Amino acid sequence: MEEKQKSGKLLEVKDLHVSFFTPAGEVKAVGGISYDLNYDEVMGIVGESGSGKSVEAYSIIGLLQSPGKVVGGSITLEGEDVLAKSKEEMIDLRGNKVAMIFQNPMTCLNPVYTIGNQLIEALKAHDKKVSKEEAAKRAMEMLELVGINNVEKRMKQYPHELSGGMRQRVMIAMGLICHPQLLIADEPTTALDVTIQAQILELMKDLQKKTHMGIIFITHNLGVVAEICDKVSVMYAGKMVEQGPVDDIFYKPGHPYTMGLLRSMPRVDAESYERLIPIEGTPVDMLNPPEGCPFAPRCEYAMKICLQKMPPYVELGENHRAACWLRVQEQMAKEKSGQADAKAGSQTENKEAGDHE
Amino acid sequence: MSEKKDILVQVDHLKKYFGVKGIKGPGIQAVEDVSLFIKRGETLGLVGESGCGKTTLGRTILQLHPPTSGKIIYDGQPIFEGEDPWQKDESGQLVHVKTPKPTVANMLPYRRKMQIIFQDPSASLDPRMTVGEIIGEALDIHKLCANKKERTDRIKELLSRVGLNTEHANRYPHEFSGGQQQRVGIARALAVKPEFIVCDEPISALDVSIQSQVVNMLEDMQQDLGLTYLFIAHDLSVVRHISNRIGVMYLGTLVELAESYELNRNPIHPYTKTLLSAVPVPDPEVSRTRQRIVLQGDIPSPMNPPTGCRFHTRCPYATEKCKQAVPQFKEHAPGHYAACHLLG
């Protein structure tokens, strides 16, 4: 299944706001996040439960359910505005261009249809002209691609006859059967055991190399992120607090939340016992989010300004930015000393010029 | 095995089968011939894939499930002893034979000494009881408090011990976050001043940033109160962090047991090696360079486990011998036990 390689920007999300209008008030689940994703790239979205990482993904694929609503910003996929599309156009988009795989494959597969039936249905929904035999052939090819053997037998089996890892493979096959450009994987390995998780991660890496699609990988496991992602966005309480290439996030984290997450995890390759350093406090109540930086109440470096105003993004390196007042301060200090240097430089120049005269 | 008086819990050839309706034979062989000991004041970690029987083992030691056969000794006193009613006949099939009734100790005094912390905090707290009632119930059953004042004082003390507010005693479980609910579960286990606690995946339902708070609290409590833990989890990095020794289970059997850093540096059983290499490391440099052993296939059903070594269907080094004979669980280096034919 070799496809012609595309390059450049696949998805662009700009200042996206998503709110849930609940009886208790408006919950700003996603509060202004922006990023882009190129073809052939895997982006990880990391965050705790309730940080808005799934909501954000659901709005790309148009599966946001009432009372959730996109209230601002734009989503552009291959140059087309996703939010302006009608219901019919969205149905066409899903599967063909964007596909999604979910955390729990048991609840996503229909228990009363065979695997073959469901795969063929997915294909026929998007390609009305395809014949039954052709569809079955493609479904079997797909199952083989995701590493399922004995496909003819599997096509006739029901979801409950397969193991968790197998079901997740079927989910992936179903997502990829119409060759989407963008795959959104919402915690695809969280429900699986580590040995099965390793199999699925290898499979996804392999498939991505073959198809050159872009993948958004939502997870809370930093180990998985290090394994599969090219770049990472860290979310906290609906805000994107840090964003950057995977190496920068792990080796030069700029936001105290990212640092805290990295520090609070025991490492499997540690040589001796080290006490864990937890992030104190509890996650934000999204109904009454704090003013200013949402992480400030739990942040050990919090200053007065953190509690009052949301910090702007500061560029920390190539494509690496973080929203933190500490970094703003550092940058201002740098600029100041830079200006001072420049001033001093120009003064000596003047002096030299004067000497010449 | 080391000095007798240091050992708090000892388990010999423990088996737990769950009968299945409509099926002849032993049914699900959840725990198969496990022997281990837990020293006073240590943490023994148990890891393995889901369905490997680690939770069943923990609960069977506490006799929340009646064991099928084997022996459990707590602090020198046998609390369960029974002969195996499932014997192999000539064709190798397991058939039920009549055995004398197992001897079981009266568990009530032992319940005070052995407690458990469950995986899902919201499911293990009664939604219609306040936190004070939940903790107080344990005190009432064992008649630990002489009067009302003593009882409320003790509840308050326990709540502050686990980092909750003393006013929280009047609240209901749904008013707490997952991390706080787990703290209530821990306070309930501590109420009877136990010596031994089975921690059954106490942190896997919690958020990443909360997990480390609870791990640190469990460590502090062990220090202050001299507790002994059996720590069950599937997250190897957490188990390695908190445990002195780790046992690795596969399909009901214990395949390897060693001191935790020894196990990590020098795993000798092929299953432990694959398990360790499958854990994703939060370090991009390491995960790009390291070699990973990816196991083929899935864990077989404990209803119909493979003959011989139970791992042979997925083991890359399996030989003819592995298919036929069950490997002995024996000591290969001081304190390092494993069950594998390849090790001789």
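Predicted, not measured: the structure shown is a model, and the values here were computed from it.

**Comments concerning the packing of aromatic side chains**
Okay, step 1: For the structure on display, the rule yields 10 aromatic pairs over all chains.
Okay, step 2: For the ring pair Tyr250(B) and Tyr271(B), a centre distance of 4.6 Å and an interplane angle of 55 degrees mean the geometry is tilted. Here Tyr271(B) lies in helix 9 (residues 270–278) and Tyr250(B) lies in strand 12 (residues 245–250), a separation of 21 residues in the sequence.
Okay, step 3: Residue classification places Tyr271(B) among the buried positions, given a relative accessible area of 0%.
Okay, step 4: For the ring pair Phe329(B) and Tyr337(B), a centre distance of 5.8 Å and an interplane angle of 15 degrees mean the geometry is stacked.
Okay, step 5: Since its relative accessible area comes to 12%, Tyr337(B) is described here as buried.
Okay, step 6: Linked through ring pairs, Tyr236(A), Tyr257(A) and Phe295(A) together constitute an aromatic cluster.
Okay, step 7: Geometry around Tyr313(A) places Arg321(A) over its ring, the cationic atom sitting 4.3 Å from the centre.
Okay, step 8: The cationic tip of Lys16(B) hangs over the ring face of Phe18(B); the distance from NZ or CZ to the ring centre is 4.8 Å.

**Focus: helix 2 (residues 87–96) of chain A**
Okay, step 1: If you check which residues of helix 2 of chain A are buried, you get Met90(A), Leu93(A) and Gly95(A).
Okay, step 2: Taken together, the buried residues of helix 2 of chain A touch helix 1 (53–61), strand 4 (68–77), strand 6 (98–101) and helix 4 (115–126) of chain A.

**Observations concerning the environment of Gly62(A)**
Residues and elements named next belong to chain A.
Okay, step 1: Mapping glycine 62 onto the fold places it in the loop between helix 1 and strand 4.
Okay, step 2: Residue glycine 62 is classed as partly exposed on the basis of its relative accessible area, which comes to 37%.
Okay, step 3: For the pair glycine 62 and methionine 90, spaced 28 residues apart in sequence, the C-alpha to C-alpha distance is 6.9 Å.
Okay, step 4: Residue contacts for glycine 62: discarding those within four places in its chain leaves Met90 and Arg94.

**Concerning the packing of helix 5 (residues 178–190) of chain B against helix 6 (residues 208–225) of chain B**
All names here are of chain B.
Okay, step 1: Interaxial distance between helix 5 and helix 6 falls to 10 Å at its minimum, and their mutual angle equals 15 degrees. Looking at the two axes, helix 5 sits roughly parallel to helix 6. Classified by chirality, the crossing of helix 6 by helix 5 is right-handed. Touching Gly179, Arg183, Ile186 and Leu190 of helix 5 are Ile210, Gln213, Val214, Met217, Leu218, Met221 and Leu225, all from helix 6.

**Focus: the sheet that holds strand 1 (residues 9–22) of chain A**
All names here are of chain A.
Okay, step 1: In space, the four strands of this open sheet follow the order 2-1-4-5, with antiparallel pairing throughout. Sheet topology places strand 2 (25–38) and strand 5 (80–81) at the edges, where each strand pairs with a single neighbour.
Okay, step 2: For strand 4 and strand 5, the ladder comprises two bridges, and the chain directions are antiparallel. Bridging from a neighbouring strand, threonine 76 pairs with aspartate 81 of strand 5.

**Concerning unusual backbone geometry**
Residue and element names in this part refer to chain A.
Okay, step 1: Cis geometry marks the peptide bond from serine 66 to proline 67; its omega dihedral reads 5 degrees.
Okay, step 2: Tracing the sequence through the fold places proline 67 in the loop between helix 1 and strand 4.
Okay, step 3: In this model, alanine 237 sits at a positive phi of 50 degrees, which is unusual for a non-glycine residue.

**Here's the deal with the environment of Ser35(B)**
All names here are of chain B.
Okay, step 1: Take serine 35: it is sitting in strand 2 (residues 28–39).
Okay, step 2: Judged by relative accessible area, which is 18%, serine 35 ranks as buried.
Okay, step 3: In the structure, serine 35 is positioned 10 residues away from glycine 45 in sequence and 14 Å away in space, judged by C-alpha atoms.
Okay, step 4: When neighbours within four sequence positions are excluded, serine 35 is seen to be in contact with Val11, Asp12, His13, Leu254 and Phe329.
Okay, step 5: Within polar-contact distance, the side chain of serine 35 engages the backbone nitrogen of histidine 13 at 3.0 Å.

**Some words on the nonpolar core**
Okay, step 1: Core analysis: the largest hydrophobic core is formed by 71 residues, its most contacted members being Leu143(A), Ile172(A), Met204(A) and Phe217(A).
Okay, step 2: Ile172(A) has contacts with Ile101(A), Val146(A), Ile200(A), Leu203(A), Met204(A) and Leu207(A), leaving out every residue within four places of it along the chain.
Okay, step 3: By size, the runner-up hydrophobic cluster in this structure holds 61 residues, among which are Val47(B), Leu158(B), Leu227(B) and Leu275(B).

**A word on the pairing of strand 5 (residues 77–82) of chain B**
Successive side chains on a regular strand alternate, one facing one side of the sheet and the next facing the other.
Residue and element names in this part refer to chain B.
Okay, step 1: The sheet contact formed by strand 4 (residues 69–74) and strand 5 spans five bridges and is antiparallel. Across the sheet, the residue bridging to lysine 71 is glutamate 81, located in strand 5.
Okay, step 2: From the end of strand 4 to the start of strand 5, which pair antiparallel, there are two residues, and aspartate 75 there has a positive phi angle of about 50 degrees.
Okay, step 3: Bridge count between strand 5 and strand 8 (residues 103–104): two bridges; the pairing is antiparallel. Across the sheet, glutamate 81 pairs through a bridge with threonine 103, a residue of strand 8.

**Examining the interface of chain B and chain A**
Okay, step 1: Taken together, the contact pairs 40 residues of chain B with 44 residues of chain A.
Okay, step 2: For the pairing of chain B and chain A, the buried interface totals around 3900 Å² over both sides, and the portion due to carbon and sulfur atoms is 54%.
Okay, step 3: At the junction of chain B with chain A, the criterion picks out five salt bridges.
Okay, step 4: In this structure, Asp220(B) engages Arg275(A) in a salt bridge whose closest nitrogen and oxygen atoms are separated by 3.1 Å.
Okay, step 5: In this assembly, chain B and chain A are joined by 19 residue pairs in polar contact (both at pLDDT 80 or more).
Okay, step 6: Elements that contribute at least two residues to the side of chain B that touches chain A include exactly helix 6, helix 7 (236–242), helix 8 (260–265), helix 9 and helix 10 (284–289) of chain B.
Okay, step 7: When residues of the side of chain B that touches chain A are assigned to their parent elements, the largest contribution, nine residues, is made by helix 6 of chain B.
Okay, step 8: Here the side of chain B that touches chain A is composed, by residue class, of 15 nonpolar, 12 polar and 13 charged.

Basis of the calculations
- Residues numbered from 1 in each chain as written.
- Chains lettered and ligands numbered in written order.
- Predicted model: local features only at pLDDT ≥ 70, side-chain atom pairs only at ≥ 80, totals over all residues.
- Heavy atoms only, no water.
- Phe/Tyr/Trp six-rings, centres within 6.5 Å; stacked < 30°, edge-to-face > 60°.
- Helix = DSSP H or I, 4+ residues; strand = E, 2+ residues; numbered from the N terminus.
- Buried < 20%, exposed > 50% of the residue type's maximum accessible area, 1.4 Å probe, protein only.
- Lys NZ or Arg CZ within 6 Å of the ring centre and 35° of its normal.
- Contact = heavy atoms within 4.5 Å.
- Axes fitted to C-alpha atoms, helices over the stretch in contact; angles between N-to-C directions.
- Parallel < 35°, antiparallel > 145°, perpendicular 65-115°, else oblique.
- Left-handed = near helix turned anticlockwise from the far one by under 90°.
- Pairing = 2+ DSSP bridges.
- Polar contact = N/O pair within 3.5 Å; in protein donor to acceptor, adjacent residues only side chain to side chain.
- Core = buried A, V, L, I, M, F, W, Y, C linked by side-chain atoms within 4.5 Å.
- Buried area = accessible area lost by both parts, 1.4 Å probe.
- Salt bridge = Lys/Arg side-chain N within 4 Å of Asp/Glu carboxyl O.
- Nonpolar A, V, L, I, M, F, W, Y, C, P; charged D, E, K, R; others polar.

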